[in-house]
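Chain residues, written in single-letter form:
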Amino acid sequence: MTIYGTRPEAIKVAPVIKAIEGAPKLESITVVTGQHRMMLDQVNEIFDIDPTYDLDVFGVGQTLNLLMAKVFDRLDPILEEVAPDAVVVQGDTSSVAAASIAAFYRRIPVVHLEAGLRSGSIESPFPEEANRRITSQVATLHLAPTATSRANLLREQVDPGSVVVTGNTVIDALLRAVEAGGPFSDPDLARLADSGRQVLLVTTHRRENWGEAMHGVGRALHRLATEFRDYVIVLPVHRNPMVRTAVLPYLAGLSNVIVTEPLPYGDFTRLLSLSTLVLTDSGGIQEEAPSLGKPVLVLRENTERPEAVEAGTVRLIGTDENRIVTEVRSLIADHAQYEFMSHAVNPYGDGMAAPRSLAAIESMLGIGDRLPEFKAEE
Ligand code: UDP
């Protein structure tokens with residue numbers, strides 16, 4: 001039984017759900033929590049996944065505690081009725097922490113995809129760092145995307161035999177989407193692609209950036225759009241009103257800024273492919289962009305994804321207005337620096353994370369053998 005709810009979870013579990021669906025010895029049951037309704041439906045549609053159960057936990061402005069309570073309350077009867085052999089969760093949202101504990105209380109083995117990411121600070125990202133540590137405590141099988149994430153788990157005394165390095169399934173999804181190709185469904189983006197103009201792709205949504213930090217991002221974008229008239233800034237804006245009210249007022253009336261609704265995954269990967277550089281606080285985009293050779297400036301103070309920072313294609317710059325402007329300016333002006341940051345690297349996966357995950361799950365259930373682990377190129 002796979003349980004997921006947000007857009008990034010849907011993208012990252014989709015390749016695993018498809019692998020489980022194709023496994024003759026397994027039956028796939030999917031439970032969506034319904035947190036990001038529209039963005040979730042978009043992904044389910046692309047990957048042709050029709051959820052078995054929907055917990056429908058969304059509520060405007062609800063607290064994390066109410067969300068957790070709803071997941072416990074609505075998931076438990078399903079766990080009782082279905083009695084799955086294993087529950088698969090992905091990542092670090094609060095619903096993942098709740099679903100993991102709920103399964104653990106029912107003595108159902110928890111398989112944690114993307115296990116072992118750590119920022120080192122329980123406060124940041126909030127509440128994700130706590131959620132992923134909680135999930136690690138109750139998981140039976142830890143599917144770590146990289147050797148670094150495995151090392152984090154072993155440092156916390158997790159049984160080494162229960163950790164498998166699979167690569168990140170986000171790369172499986174990305175390669176599948178890029179291979180599928182096709183035109184933009186958004187007409188503004190189709191025109192942009194034809195124009196051949198340089199694109200600065202921006203996304204921001206993290207809870208710890210809500211408020212003044214996000215205003216800083218908005219002001220910086222205004223200055224960048226004014227200074228670099230030959231660039232087009234594209235902002236697929238998250239649905240959260242906290243994000244919209246902070247950033248959008250700074251972008252009104254700028255002709256070289258395109259603000260879109262959250263893009264379907266296919267359009268987003270197309271946009272990423274044609275971007276010159278990326279400014280984001282997203283976790284998934286930090287993983288995807290390096291394999292397409294796109295430099296990323298991360299609007300955060302720390303990251304639980306150090307691999308691409310070490311490879312030199314991702315740089316942490318925070319949310320200070322002046323720093324953002326300076327960093328973008330220097331990357332645009334300094335060709336050698338840009339060339340260095342835009343070499344394609346693949347520290348997060350090789351597109352085979354889903355088959356490795358499936359094999360590890362089958363091995364845990366005693367019906368198959370593990371595959372060789374993922375090794376990043378040196
Ligand atoms: N994404 C998308 N449409 C968008 C913006 C992002 O499909 O308009 C995808 C992106 O390719 C990545 C994932 O959503 O795989 C990242 O989601 P998000 O930034 O919301 O969450 P995070 O990765 O930070 O948890």
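Given the structure is predicted, the values throughout are model-derived calculations rather than measurements. (Residues numbered from 1 in each chain as written. Predicted model: local features only at pLDDT ≥ 70, side-chain atom pairs only at ≥ 80, totals over all residues. Heavy atoms only, no water.)

## Quick notes on the overall build of the protein
A tally of helices and strands in the protein yields 16 helices and 13 strands. The globule rule puts the C-alpha radius of gyration for 378 residues at 21 Å, and the 20 Å found for the protein is close to it. Structurally, the protein occupies a C-alpha span of about 60 × 45 × 40 Å along its principal axes. Per-residue burial for the protein yields a buried fraction of 57% across its 378 residues. (Helix = DSSP H or I, 4+ residues; strand = E, 2+ residues; numbered from the N terminus. Rg over C-alpha atoms; globule rule 2.2 N^0.38 Å. Buried < 20%, exposed > 50% of the residue type's maximum accessible area, 1.4 Å probe, protein only.)

## Observations regarding the packing of aromatic side chains
As enumerated under the stated definition, the model contains 3 aromatic pairs in all. With a centroid separation of 6.1 Å and 70° between ring planes, the pair formed by Phe228 and Tyr231 is classed as edge-to-face. Here the two residues Phe228 and Tyr231 agree in accessibility, since each one is buried. Over the aromatic face of Phe184 sits the side chain of Arg270, whose NZ or CZ is 5.9 Å from the ring centroid. (Phe/Tyr/Trp six-rings, centres within 6.5 Å; stacked < 30°, edge-to-face > 60°. Lys NZ or Arg CZ within 6 Å of the ring centre and 35° of its normal.)

## Description of the site of the ligand
The ligand sits among 15 residues. The nearest are Leu263, Ser282, Gly283, Gly284 and Glu288. Here an oxygen atom of the ligand and a side-chain polar atom of His205 are 3.4 Å apart. For the ligand, an oxygen atom lies 2.8 Å from a polar atom in the side chain of Ser282. Among the elements that take part in the shell around the ligand, helix 12 (residues 283-291) stands out by supplying 4 residues, more than any other. Class assignment of the residues belonging to the shell around the ligand gives a composition of 8 nonpolar, 4 polar and 3 charged. (Near = heavy atom within 4 Å. Polar contact = N/O pair within 3.5 Å; in protein donor to acceptor, adjacent residues only side chain to side chain. Nonpolar A, V, L, I, M, F, W, Y, C, P; charged D, E, K, R; others polar.)

## Quick notes on the environment of Val88
With respect to the helices, strands and loops of the structure, Val88 is situated in strand 4 (residues 87-90). Take Val88: its relative accessible area is 3%, and that puts it in the buried class.

## Observations regarding the nonpolar core
A general tendency of soluble globular proteins is for nonpolar side chains to be buried together. In this structure, Tyr4, Val234 and Leu271 are the most contacted members of the largest nonpolar core, which totals 52 residues. Here this core gets 8 residues from one element, more than from any other, and that element is helix 1 (residues 7-21). The next biggest cluster of nonpolar side chains, apart from the first, holds 30 residues, and it includes Leu200, Ala225, Val237 and Tyr338. (Core = buried A, V, L, I, M, F, W, Y, C linked by side-chain atoms within 4.5 Å.)

## Some thoughts on helix 1
Between the first and last C-alpha of helix 1 there are 20 Å, a value that for 15 residues agrees with the 21 Å anticipated at 1.5 Å per step. A maximum bend of about 40° is found in helix 1 at Val13, where proline Pro15 lies one to four positions downstream. For helix 1, the buried fraction is high: 11 of the 15 residues fall into the buried class. Buried residues of helix 1: Glu9, Ala10, Ile11, Lys12, Val13, Ala14, Pro15, Val16, Ile17, Ala19 and Ile20, and no others. (Expected span 1.5 Å × (residues − 1). Bend = angle between axes of the 7 residues up to and from the residue.)

## Quick word on the sheet that holds strand 11 (residues 277-280)
In spatial order, the strands read 10-9-8-11-12-13; together these 6 strands make up an open sheet with parallel pairing. Edge positions in the sheet fall to strand 10 (257-260) and strand 13 (314-316), since each has one partner strand and no second. Averaged over neighbouring strand pairs, the angle between their axes works out to 20° when direction is ignored. Two strands pair when backbone bridges link them, and strand 8 (residues 198-203) and strand 9 (residues 231-236) are joined in this way by 4 bridges, in the parallel orientation. For Leu201, the partnering residue across the bridge sits in strand 9 and is Val234. Packed onto the sheet, helix 11 (residues 265-274) meets strand 8, strand 9 and strand 11 and runs at close to 130° relative to strand 8. (Pairing = 2+ DSSP bridges. Axes fitted to C-alpha atoms, helices over the stretch in contact; angles between N-to-C directions. Contact = heavy atoms within 4.5 Å.)

## A word on the pattern of salt bridges
A full pass over the atoms with the stated rule returns 32 salt bridges. Taking the shortest distance from any N to any O, the salt bridge between Arg106 and Asp76 comes out at 2.8 Å. You can see Arg106 sitting in the loop between helix 4 (94-105) and strand 5 (110-113) and its partner Asp76 sitting in helix 3 (residues 64-82), a full 30 residues away along the chain. (Salt bridge = Lys/Arg side-chain N within 4 Å of Asp/Glu carboxyl O.)

## Let's talk about the environment of Val32
The topology assignment puts Val32 in strand 2 (residues 30-32). If sequence neighbours within four positions are ignored, Val32 has contacts with Tyr4, Leu40, Asn44, Pro51, Tyr53, Asp54, Leu55 and Asp56.

## Re the environment of Val110
Among the secondary structure elements, Val110 is positioned in strand 5. With a relative accessible area of 0%, Val110 lands in the buried category. Along the backbone, Val110 and Gly59 are 51 residues apart, and their C-alpha atoms lie at a distance of 27 Å. The contact partners of Val110, leaving out residues within four places of it in the chain, are Val87, Val89, Ser100, Ala103, Phe104, Val138, Ala139, Thr140 and Leu141.

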